[in-house]
Amino acid sequence: MDVDLLRSGTVPSSSDTVLWFEFLLNPDLLKYHLAKPSPDPSATDLIVKFSSIMPVPPTEVTKSVDPENPNSPTLCIVEGEKYSKKHLALKVLCLKVAATLKWNLSILETKLPPSIQSQVMQDLVYMSTEGIYSIPPHDVSDEYLQRGGVKFSFVLFHRWFLRSLVNRTLLTRNSKQGLLNMGLLTNETGYIQINPRFDNLLIQSEGARKRSLKFLMDLIGSKVAKASQIKAKNTFQYIKVPITDTFAVLTEDSADMVHDWEISNVMISENELFMQITYDLCTNFFFYGQYEQASKYILLCNEFKQKLLKEKHPKDSNHRTGFDWEQMEYASVTEAEIFGFMKALNISQEKNSLLHQLHEAVANGYEGLIGVLEADNLKREIPLVHRLVVELDIQGVSSSGTATVSRDLLNKVVALNIVRSLLDGNLPSTHIDFNRRMNTMGPKFVESLFWAFEPVLKSNTLSIDDKRLIKEFFLHLATSEHDISIFDVNEYVTKERCHNDNISMQKTVPKLFENEEIIKIMEELDLDKFKDGNNIPIELLMTGWETPDLNFKSVPELEVGYLRQKLIDATTADKIREGLVNLAVTNPVQPLWTVNPQWKLPIPLQSVIMSLSRSFIQDFSYIILGKAKQQAEMGDHNSALELLLILETETRNQLNQAGTVLNSNAAANNSVMYKLCKLVGWEALLMQITQMLADWPLHKNNMNMLVNKATMCILALQSGDNVIPRMEIVEQCFICLLNGGEWKQLAELAATTRGTGQAEAAVATALAAHHLRTKPTKKLPEDLWDMVVPIFVIVHPTSSSMKRSNSGNPISSSNREPPANSKMKDGMTSFFSKLRDPTVLSVVISLLAKLFNVQKDDSNMDLNMEYINLWPAKVNSTISLQFVSNTLYQLVTQALKYYPNNISWIKLLGDMSLVGGHYATAMKQYLTALTILSDNFVQPLSKQLIEDQTIFRRMIKCCTQLNCPTQAAILCQFLEEIDYVLAFKCLSEMTHLCSDAMDSYYGCIWDTSILEYLINLHHKRGETHRKQLAVKVMGMLELNSNNNEEIQREAANKRKAKFMRALVKQYVC
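Since the structure is predicted, the reported quantities are computational estimates derived from the model, not experimental observations. (Residues numbered from 1 in each chain as written. Predicted model: local features only at pLDDT ≥ 70, side-chain atom pairs only at ≥ 80, totals over all residues. Heavy atoms only, no water.)

### Concerning the overall build of the chain
Across its full length, the chain carries 47 helices and eight strands. Across the 1069 residues in the chain, those meeting the buried criterion constitute 46%. Of the contacts formed within the chain by residues at least 6 apart in sequence, a portion of 66% connects residues at least 24 apart. (Helix = DSSP H or I, 4+ residues; strand = E, 2+ residues; numbered from the N terminus. Buried < 20%, exposed > 50% of the residue type's maximum accessible area, 1.4 Å probe, protein only. Contact = heavy atoms within 4.5 Å.)

Printed below as a string of C-alpha cells:
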C-alpha cells in the first residue's frame, strides 16, 4: 500500500494511494498497515510524514526558561485552545504509531530527527494532562501522578531528555537541529562533528537535566523505600502502557478529545519500568563522569532485573529459563548492556563464581587455588580447558624458575584435574602423561590421586553415573601395568587422611567396591591368574608407545646390534657418549665411527681425526661431527650447533688434561688435538652463520659477535698458521660480513686475503654497496657487473659442434642453457640465495634488471627500479633473457620473503609480469604496492606520495589488455596531466563484451570533461539508463567546477580511494 500525504487540492497518484485523513475516517486502516511484516512506509516514516504536513504552530506560545540559567535552551509550550483540529488529529496519529513501537526510545532516537522526537514527547505529555502541560512541571504531587497516563508520559519524557543529552554526542549521521541546540555541526562529508562549544552548551542545559534527574531519582527512591517496608511480600504492581486504542480519533462532530487510558491491555510491572529508568540514569551519570552514582544505579538496575526474572519465572532457581529479552513490552535494555556497564564500572556480576575465583587465585600467585579446584570438582562450573591452562602455567613457572611455587602444588593440581576430567566422562588412565607420572612418581602419585578423590567420594552429590566412572577408573588402574591391587583400592579409599587444615576426616568414606563386586570382577576378568603367577606379560599391558627393554644378553650379536642402533638413533651428546661406552665394553673389532656409513666428514676434518690414535675422542669427535651434519641437513641447526659446541669443549678439555694451553707451544706439543679444536670451532662458526641465514630476519644471534668471529676466521688465512679454515667456511664468513653491513671492512680484508668464488662475489657486492652509501648518485663499480654478466652470455657454437634435434634441424641457442660455466652459474645462484641485507639485495636486483633491459632493448617494457641507472648501459655479448628473467624472479621472490613491504621490489614483480604478458598478475602487484604505499589508501595518491607516475600508465595498459576499458579510462585521471585522448578512446570501446563493471564505476569519476563525454556518448548510442547515471554523478555538488581547490581535491581523493579499493577486491583479494 502506498501512503501519500498529499496536501489539499492535490490528487492521489494511483488508486492504491491512501491519504492521511483516511486513517482518521477508518481507525483500523492504520492497524492494518502497520501489522504487515514490512510496512512501506514504516512506522517511523509515517511519523515523519504526519509531522511534515502539520500546520505551522500558533504564534501565541509560552516559553519555559530555566530560572537558574536564562541562557539555557528554551522549550516552547503551546496553549491547548490554540491547536486546530487538523493539528490535533495529526498529533493523535503520531502517538498511535509510536504506541505500536512500544514507546521504544532506542527506535525513536535512531529513526526520527531530534525535532520530531521532541514533538512526540511533548504531545504525549499534552494528551495525558488534557492540554494543561506540554512538558512536565517542576513540582508534581503523587496524587496527580496517579491520574491515567500522567506517570507514564512524565517518565518517558524525562527519560528521553536525559538520553538526548548523551545520544546527541554519539550521532554519526546528519540530522536537523531539534528541541535542544546541542551544538552539533555538519561537515562537508555529511557526518556530524562535535561543536567546540559543546561543553558550554551542556552546562547551559544543566538546570533542565537536574529537574529530570530529580524526578526519576525521587520515583526510584520511593519505590526502594516501599520495597524495604514489605520485604516478606512478593507483591508486583503493574502499570498500563498506552496502546493505539488509548488515543481517541478526532471527528468532525467531536468538540474535544477524551482519551481512554484504562483501555490498554498491555501491563508492565514496576520492576520492568524501574529497570529501564535506572539503566538510563546510569548511562547519564556515566556520561557526565559521575561514576559513583552510575555504580549505584546500575546495581539497582541489576536488582530490578533479578526481580523481573523471578516474577516471570518464580519456580526457576536460575530465573533464566525461556526468558526472551526482546519480547518485553516496554524496556529496551538487554542483559548484555547491563553486564557491560557493570564491567566498565568494575562491578563483577560473577564475583562469587568459581571461574572468577580461579582467575583471582592465579593473579595472587596461586593462593587458594587448591580450594577452588576442589569446590569445582563438586560443582563442575569451570570449563576443563581453563583448569588445564592453569596446570600448564604452573608447570612452566616451576620449570623456568620465574616464580616460586610450593613443591607439591603441581602434583595436587594434576590430581584434581584428573578427577574433574574423569567426572566429565573421560578416562585419564589411558593418557600418556598419566602413565608417565605413574611410572616416575609411583606410590606418591597414587596417594595424591586418592587425596584428590576424597572430597568427591565424601560428598552427597555423587550420582550413580559418577560412581560408575570412578569404579571404572580404579578398575583400569588395577588391571593395567601399574602395581595397584584391586584388593587395596578399598583400603586406599577408606584410609583416614588429613586435609590441608590438618584435621582428620570425621565422615568416613564408604567402600568403593563391595566384597560381592570384587568376587564378580575377579571371576569375569579371571584375576586368579595373577595370584597363581601366570601374569600377563607387561608388554601387553603397556599403554605407551615405548619399545620395552628386551633382554639380549643371551644373544651377544643381538645385543651389539641393539647398541649400535641406539648409537645411530642418538641425537644428544650424552646419549652418544653412553652408547660409545656401552659398545666399547663389547670389544669391537672396527672403530665405532664406522657404525653408520652415512656419517661423512669434509676431508680436512676427516684427515685430522684419522691422525688421532684409536681412542674414545676419535670415535666421539667423528660421530659428533657426522651427527651435526645430519641435523643441519634436516634443518635442526640448534641441535647441530649444540653438538659442535660440546665437541669443542671436549677437545679443549683434552688439551688441558695434557697440561697445555691454546698457543704456539700447544701446536707443537699436541698439534693434532690443537688442529681438531680449531677446526671444530670454525665448524661451529659455520653452523652459526647458516642458522643466522635460515632464521633471518628473526635470528637470535649476536651480529657483532658473529662479525668478529667471521673476521678472525678470514684473518686466519694470512696468519701463517698451518691450520686454516675450509674455503666453504671462509666464503660463509665473507657472506656474513656482507649481510652484516661491514662492507668497508670486507673490502679491506679482500685486499690482503685471496678469495675465490662466492668470496669474490661478496667483495664485489660490498664495493658496490659501500659506493652507494658514500656516493649514491655516481656510477657503481663494475666489478660485480663483470662477474655476473658472463654467466648469462650465450656462446654461439660452430656449425660442426652445433647440436641438432631428431628431425635434423639445429637447436636454437636461445633455448639452450648457457654452456661453459654451469658450475660458476650454480655458485653465483647459491650466492644470490644467501643475500639478506636490503641494500645488498637492491644492488644485485638492480644489476639483473638492468641486464634484462639492455638485452630486451624496448623502452616501453623496461623494468623500473632504484639504482638501475647506475649500471652500464650496454653489453658486448648476447645474453639469455630467459635465464636472466628466471634468476631475477627467484631473487625478488626471495627478497620479498624477508621484506614483504618493499614497494620497489613489488613494482618490479609487476613490471616482469607485464613484460611476460601476465596482466592480471601485474595488476595485483601494482595494487599491492599502492596499498602499502598509501596505507590502504588512507593517504591520498598524490604526486608527493607517488613520484613515479609510470605505474599508472602500466596499469592502464594492463586494463586495456584485460578488456576493461572503463577501469583504464578512470586510471587516466590518476596521471599528473589527464590523458583525455586515451581516456576517450577507452570509453568509446565500452560495449557489452567488456569484462569490467562499466557504469558501476561512474561514481569514481571526478573529471567533468570525462563525464560530459560519457553523457554525449550514451546519448548518441541511445543508452538512456547509463546516461542518467552519468548525469546524476555530474550533478553532485562536490564536482562543481566553481568549487575551491581544496573541495575538488578532497572529492578526487575520495573517489580515488573508492576506485582503488574496488580494484584491490577484484585483483588482489
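From this point, the narrative continues.
### Side note on the environment of tryptophan 103
Along the chain, tryptophan 103 turns up in the loop between helix 4 (85-100) and helix 5 (105-111). Along the chain, tryptophan 103 and alanine 331 lie 228 residues apart, while their C-alpha atoms are 9.1 Å from each other. Among all residues touching tryptophan 103, those that are not within four sequence positions of it are Leu95, Ala98, Leu124, Phe152, Leu156, Val241, Pro242 and Phe247. Only 3.0 Å separates the side chain of tryptophan 103 from the backbone oxygen of proline 242, close enough to count as a polar contact. (Polar contact = N/O pair within 3.5 Å; in protein donor to acceptor, adjacent residues only side chain to side chain.)

### Focus: helix 44 (residues 980-988)
Turning to helix 44, its buried residues number three or more, namely Ala983, Cys986 and Leu987. Buried residues along helix 44 cover an arc of 100° about the axis, so they all sit on one side. In helix 44, the exposed positions that point more than 90 degrees away from the buried face belong to Val981 and Lys985. Those residues of helix 44 hidden inside the fold are in contact with helix 42 (950-961), helix 43 (965-971) and helix 45 (1008-1021). (Arc of directions from axis to C-beta.)

### What about the side chain of arginine 163?
Inspection of the secondary structure puts arginine 163 in helix 8 (residues 150-167). On the accessibility criterion, arginine 163 (12% relative accessible area) is buried. Reaching out from arginine 163, the side chain makes a polar contact with the side chain of aspartate 280 at a distance of 2.9 Å.

### Things to note about unusual backbone geometry
With an omega dihedral of 5°, the bond running from tryptophan 696 to proline 697 counts as a cis peptide bond. Along the chain, proline 697 falls in the loop between helix 31 (671-695) and helix 32 (703-715). Look at glutamate 130: it is not a glycine, yet its phi comes out positive at around 60°. Tracing the backbone shows glutamate 130 in the loop between helix 6 (114-128) and helix 7 (142-145). Its relative accessible area of 63% is what places glutamate 130 among the exposed residues. In this structure, aspartate 857 takes a positive phi of about 55° despite not being glycine. By the element assignment, aspartate 857 lies in the loop between helix 38 (838-856) and helix 39 (881-898). You can call aspartate 857 exposed: its relative accessible area is 67%.

### Topic: the state of the cysteines
One pass over the full model with this rule turns up zero disulfides. Unpaired in this structure, cysteine 964 has its nearest cysteine sulfur neighbour in cysteine 959, at a distance of 5.9 Å. (Disulfide = S-S within 2.5 Å.)

### Notes on the nonpolar core
Grouped together as the largest cluster of nonpolar side chains are 116 residues, with contacts concentrated most on Leu738, Phe792, Phe831, Phe832, Ile845, Leu848 and Leu888. Looking at this core element by element, the count peaks at 14 residues for helix 31. By size, the runner-up hydrophobic cluster in this structure holds 87 residues, among which are Leu30, Phe215, Trp261 and Met328. (Core = buried A, V, L, I, M, F, W, Y, C linked by side-chain atoms within 4.5 Å.)

### Examining the packing of helix 40 (residues 903-915) against helix 42
Closest axis-to-axis distance for the helix 40/helix 42 pair is 11 Å, and the angle between their directions is 35°. Helix 42 is crossed by helix 40, and the crossing has left-handed handedness. Of the residues in helix 42, those touching helix 40 at Lys907, Asp911 and Leu914 are Ile951, Arg954, Lys957 and Cys958. When grouped by side-chain class, the residues that make up the contact of helix 40 with helix 42 number three nonpolar, no polar and four charged. (Axes fitted to C-alpha atoms, helices over the stretch in contact; angles between N-to-C directions. Left-handed = near helix turned anticlockwise from the far one by under 90°. Nonpolar A, V, L, I, M, F, W, Y, C, P; charged D, E, K, R; others polar.)

### With respect to helix 38
Between the first and last C-alpha of helix 38 there are 26 Å, a value that for 19 residues agrees with the 27 Å anticipated at 1.5 Å per step. Burial analysis of helix 38 places 15 of its 19 residues in the buried class, which makes it a mostly covered element. One side-chain oxygen of the residue at the start of helix 38 lies 3.0 Å from the amide nitrogen of threonine 839, identifying that residue as aspartate 837. Phi turns positive one or two residues past the end of helix 38, at aspartate 857, with a value near 55°. (Expected span 1.5 Å × (residues − 1).)

### What to know about the environment of glutamate 292
Structurally, glutamate 292 can be placed in helix 12 (residues 291-312). Classification of glutamate 292 as exposed rests on a relative accessible area of 74%. Between the C-alpha atom of glutamate 292 and that of leucine 345, which follows or precedes it by 53 residues, the distance is 8.9 Å.

### Some points on the packing of aromatic side chains
Taken as a whole, this structure holds 26 aromatic pairs when the rule is applied. A centroid spacing of 5.3 Å and a plane angle of 85° characterise the contact between phenylalanine 287 and tyrosine 288, whose relative ring orientation is edge-to-face. Given a relative accessible area of 23%, tyrosine 288 falls into the partly exposed group. Aromatic pair tryptophan 785 and tryptophan 871: ring centres 6.2 Å apart, planes at 20°, arrangement stacked. Of this pair, tryptophan 785 sits in helix 36 (residues 783-788) while tryptophan 871 sits in the loop between helix 38 and helix 39, and the two are 86 residues apart along the sequence. There is no split in this pair, since tryptophan 785 and tryptophan 871 are both buried. One aromatic cluster in this structure is built from Trp103, Phe152, Phe247, Trp261 and Tyr330. When the ring centre of tryptophan 451 is taken as origin, the NZ or CZ atom of lysine 412, which lies over that ring, is 5.3 Å away. Over the aromatic face of phenylalanine 620 sits the side chain of arginine 577, whose NZ or CZ is 4.8 Å from the ring centroid. (Phe/Tyr/Trp six-rings, centres within 6.5 Å; stacked < 30°, edge-to-face > 60°. Lys NZ or Arg CZ within 6 Å of the ring centre and 35° of its normal.)

### Considerations on the pattern of salt bridges
Evaluation of the coordinates by the stated rule reveals 25 salt bridges. The salt bridge partner of aspartate 408 is lysine 412, with a shortest N-O separation of 3.4 Å. Classification of aspartate 408 by relative accessible area gives partly exposed; the value is 36%. The partner of glutamate 472 in a salt bridge is arginine 468, with the nearest N and O atoms 3.1 Å apart. Within this pair, glutamate 472 and its partner arginine 468 are both found in helix 20 (residues 464-479), separated by four residues, close to a single helical turn. (Salt bridge = Lys/Arg side-chain N within 4 Å of Asp/Glu carboxyl O.)

### Structural notes on the confidence of the model for the chain
Fine structural detail should not be taken from predicted coordinates in areas where pLDDT scores are low. Per-chain confidence: the chain averages 77 in pLDDT, with 77% of residues scoring 70 or above. Scored below 50 in pLDDT, residues 172-201 shows 61 contacts in the model against residues more than four places distant or in partner chains. (pLDDT = per-residue confidence, 0-100.)

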